Amino acid sequence: MNRKTQSHNLHHSLTSIIGKITLAVLLPVVMFAAVLLMLVGISTAQAAGSLLINKTVSSGTVAAGETFTYTIDVTNTTAFDLIATITDTLPGGVSVVDAGTGVVSGGAIVWADELIGQNAGRSFVFSVQVTQAGDVVNSDYEVQSGIDLTAGAPVTTTIVAGPPAQVSLIAAPNPNIAGATTVLTVTLADQYGNTIRTITPVTLTYTAGSLDGDASGTVVAQTDANGYFVGALSAITQPSTVRVTAFAGGFSDFVDVQYTHGPPANLSVAVAPTTIPAPPSATSAQIVATVTDAYGNPDTSDT
């Protein structure tokens, strides 16, 4: 065997020995690292759907201005602990009272880098307030961990009017003309202006005219199921100011309805004196023309 062949064989033997040593050293290290990761159990990349999210509300119906609570439940279905971020974008008109452990940012509450244990769950609670009646649909909330993004199902809360705090009386048209009908509308509302949509007794007083055919000066009625009372004030034939007052739910409101003369309907002419001597006597007569409406009220406009 020549010297060149011996050198090649020696190099090959050394390479083989080094490879075996490297494999013998690295393999246990890799296996140890894998076991360590399993024991520590933290992962940032997992299969889609490994996180579940659900939201509940403390009450399905809430009075305007009252505080109510949302609870977001996040469940980790994997055998690893996961780091997740939960984001809840709130609907318009919702004010955060207490964000809990979350941070309010740009109309949303965010819980960043939260640890969700393996095969376990966590709850995130916050409280809000809404002042306008109607349905609040909270549908834009989600949890994300790595590439896994899961959105929650919509949750609806119905906001109803709170306790009575004010009564409103509107007269239309105002001002009006003699003999015409004025429509009176009474509504009872809470402190935020939400109409109380229940039947409520209403008492109205008026200084002149007739309300829905009743000329007594006082009418006891009630609002309808939508929270409104509508009545007709009529039989006012003279220019005047009529005060109407409404009482409901322990509150009151009034309106002064102005009445003016109606459109021209009659013309009368008076001459004084009724006879005058013939010329050349120097004398004159005064002619007065009067325009009135259908009820005899003088027309004070430039007719």
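The present account deals with the structure reproduced in this document. Computed from a prediction, not measured in an experiment: that's the story for all the values here.

**A word on the sheet that holds strand S14 (residues 166-172)**
The four strands lie next to each other as S14-S16-S20-S18, forming an open sheet whose pairing is antiparallel. Two strands bound the open sheet, and with one partner strand each, they are S14 and strand S18 (210-211). The sheet contact formed by S18 and strand S20 (residues 228-234) spans two bridges and is antiparallel. Pairing of Leu 211 across the sheet is with Leu 233, part of S20.

**Quick look at the nonpolar core**
With 25 residues, the main nonpolar core has Ile 72, Val 74, Ile 86 and Phe 126 as its most contacted residues. Contributing elements (two or more residues each) for this core: strand S2 (51-57), strand S4 (67-76), strand S5 (81-89), strand S8 (108-116), strand S9 (120-130), strand S11 (140-145) and strand S13 (155-160). In contact with Ile 86, other than residues within four places in its own chain, are Ile 53, Ile 72, Val 74, Ile 109, Val 110, Trp 111, Glu 114, Phe 124, Glu 142 and Val 143. Counting 22 residues, the second-largest nonpolar core is a separate cluster that includes Val 167, Leu 204, Leu 211 and Val 244.

**Concerning the sheet that holds strand S3 (residues 61-63)**
Across the sheet, which stays open at both edges, the three strands sit in the order S3-S13-S10 with mixed pairing between neighbours. Single-partner strands in this sheet number two, and they are S3 and strand S10 (134-138). Taking the axes of each pair of neighbouring strands and ignoring which way they run, one obtains an average angle of 30° across the sheet.

**Comments concerning the packing of aromatic side chains**
According to the stated counting rule, one finds four aromatic pairs in the structure shown. When the centroid spacing of 5.5 Å and the interplanar angle of 40° are considered together, the rings of Tyr 70 and Phe 126 count as tilted. With Tyr 70 in strand S4 and Phe 126 in strand S9, the pair connects residues that are 56 residues apart, well separated along the chain. For Tyr 70, a relative accessible area of 1% corresponds to the buried category. Three or more aromatic residues joined by ring pairs make a cluster, and in this case those are Phe 68, Tyr 70, Trp 111, Phe 124 and Phe 126. For the cation-ring pair, Lys 55 lies above Tyr 70, with the distance from its terminal atom to the ring centre recorded as 4.6 Å. Over the face of the ring belonging to Tyr 141 we find Lys 55, whose NZ or CZ atom lies 4.5 Å from the ring centre.

**A few points about unusual backbone geometry**
Geometrically, the link from Asn 174 to Pro 175 is a cis peptide bond, its omega value of 10° lying close to zero. Among the secondary structure elements, Pro 175 is positioned in the loop between S14 and strand S15 (176-177). Residue Pro 273 follows Ala 272 across a cis peptide bond; omega there is -10°. Residue Asn 119 is not a glycine yet carries a positive backbone phi of 50°. You can see Asn 119 is positioned in the loop between S8 and S9. With a phi close to 50°, Asp 212 is a non-glycine residue in the positive phi region. Along the chain, the position of Asp 212 falls in the loop between S18 and strand S19 (218-222). With a relative accessible area of 47%, Asp 212 lands in the partly exposed category.

About the cut-offs
All residue numbers refer to position in the chain's written sequence, counted from 1. Residues qualify for local features only when their pLDDT is at least 70, as the model is predicted, and side-chain atom pairs are given and counted only at 80 or more; totals for whole chains, interfaces and linings, by contrast, use all residues. Hydrogen atoms and water are omitted, and side-chain values are computed over all heavy atoms in the structure. For two strands to be treated as a pair, DSSP must find at least two bridges joining them. Where helices and strands are cited, they refer to DSSP runs of H or I of at least four residues and of E of at least two residues respectively, numbered from the N terminus. As used in this record, nonpolar core signifies buried Ala, Val, Leu, Ile, Met, Phe, Trp, Tyr and Cys residues forming a set joined through side-chain atoms within 4.5 Å. Partly exposed describes any residue whose relative accessible area lies between the buried limit of under 20% and the exposed limit of over 50%, with all areas from a 1.4 Å probe on protein chains only and scaled to the type maximum. Whether two residues touch is decided by their heavy atoms; if any such pair falls within 4.5 Å, the residues are in contact. Orientation is described by axes fitted as lines to C-alpha atoms, over the contacting stretch for helices, and by angles from 0 to 180 degrees between their N-to-C directions. The criterion for an aromatic pair is that two Phe, Tyr or Trp rings (for Trp, the six-membered ring) have centres within 6.5 Å, with stacked assigned to planes under 30 degrees apart, edge-to-face to planes over 60 apart and tilted to the rest. Placement of a positive charge over a ring is assigned whenever Lys NZ or Arg CZ falls within 6 Å of the ring centre and within 35 degrees of the normal to the ring plane.

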